[in-house]
Amino acid sequence: MNPTPKTNARALAAPDAIADDVTESLEKGKAADWKNRVFLRLTQVSGSVPAYEKDPERNITGTWQQDFKSAGSGDLATSLHGQGPELVTMG
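What counts, and at which threshold
- Residues numbered from 1 in each chain as written.
- Predicted model: local features only at pLDDT ≥ 70, side-chain atom pairs only at ≥ 80, totals over all residues.
- Heavy atoms only, no water.
- Salt bridge = Lys/Arg side-chain N within 4 Å of Asp/Glu carboxyl O.
- Helix = DSSP H or I, 4+ residues; strand = E, 2+ residues; numbered from the N terminus.
- Buried < 20%, exposed > 50% of the residue type's maximum accessible area, 1.4 Å probe, protein only.
- Contact = heavy atoms within 4.5 Å.
- Axes fitted to C-alpha atoms, helices over the stretch in contact; angles between N-to-C directions.
- Left-handed = near helix turned anticlockwise from the far one by under 90°.
- Nonpolar A, V, L, I, M, F, W, Y, C, P; charged D, E, K, R; others polar.

S.K.: Quick question: what am I supposed to make of the pattern of salt bridges here?
M.R.: Two side chains with opposite charge may pair up if their charged atoms get near one another. One pass over the structure, following the stated rule, counts one salt bridge. With its nearest N and O atoms 3.1 Å apart, the salt bridge here joins Asp33 to Arg37. Of the two residues, Asp33 and Arg37 both sit in helix α3 (residues 28–42), four residues apart, roughly one turn of that helix. Looking at Asp33, the relative accessible area reads 40%, which means it is partly exposed.

Next up, the structure:
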């Protein structure tokens, strides 16, 4: 059994908890606006993604941003809440 998900559960769930906490008291339109602004901010990719060998950190971040941007074009809330499980399955 891989202990990583259990060990990192709190960190992986934190973005979902923050989003839920911020949006639960907002009306539906304002909550959607907040989620869209977060999505736009998270997916701002500056320049091209470098090769992993050249800049591992930027490669991982840039690749995640591009993948998240593609996934988020549908249901943003589902994409945001899917990040924790996605990170676990990547490892």
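S.K.: Whenever I open this one, the side chain of Thr23 confuses me. Can you help?
M.R.: With respect to the element layout, Thr23 can be found in helix α2 (residues 9–23). Classification of Thr23 by relative accessible area gives buried; the value is 11%. Not counting chain neighbours up to four residues away, the residues in contact with Thr23 comprise Ala31, Trp34 and Lys35.

S.K.: Looking at this model, I keep getting lost on the packing of α2 against α3. Mind explaining?
M.R.: If you want to describe how two helices pack, look at the angle between their axes and the distance between the axes. Close contact between α2 and α3 brings their axes to 10 Å; oriented N to C, the two are set at 145°. Every pair of crossing elements has a handedness; the one defined by α2 and α3 is right-handed. Along its contact with α2, which presents Ala19, Val22 and Thr23, the element α3 presents Ala31, Trp34 and Lys35. Residue classes in the contact of α2 with α3 are distributed as four nonpolar, one polar and one charged.

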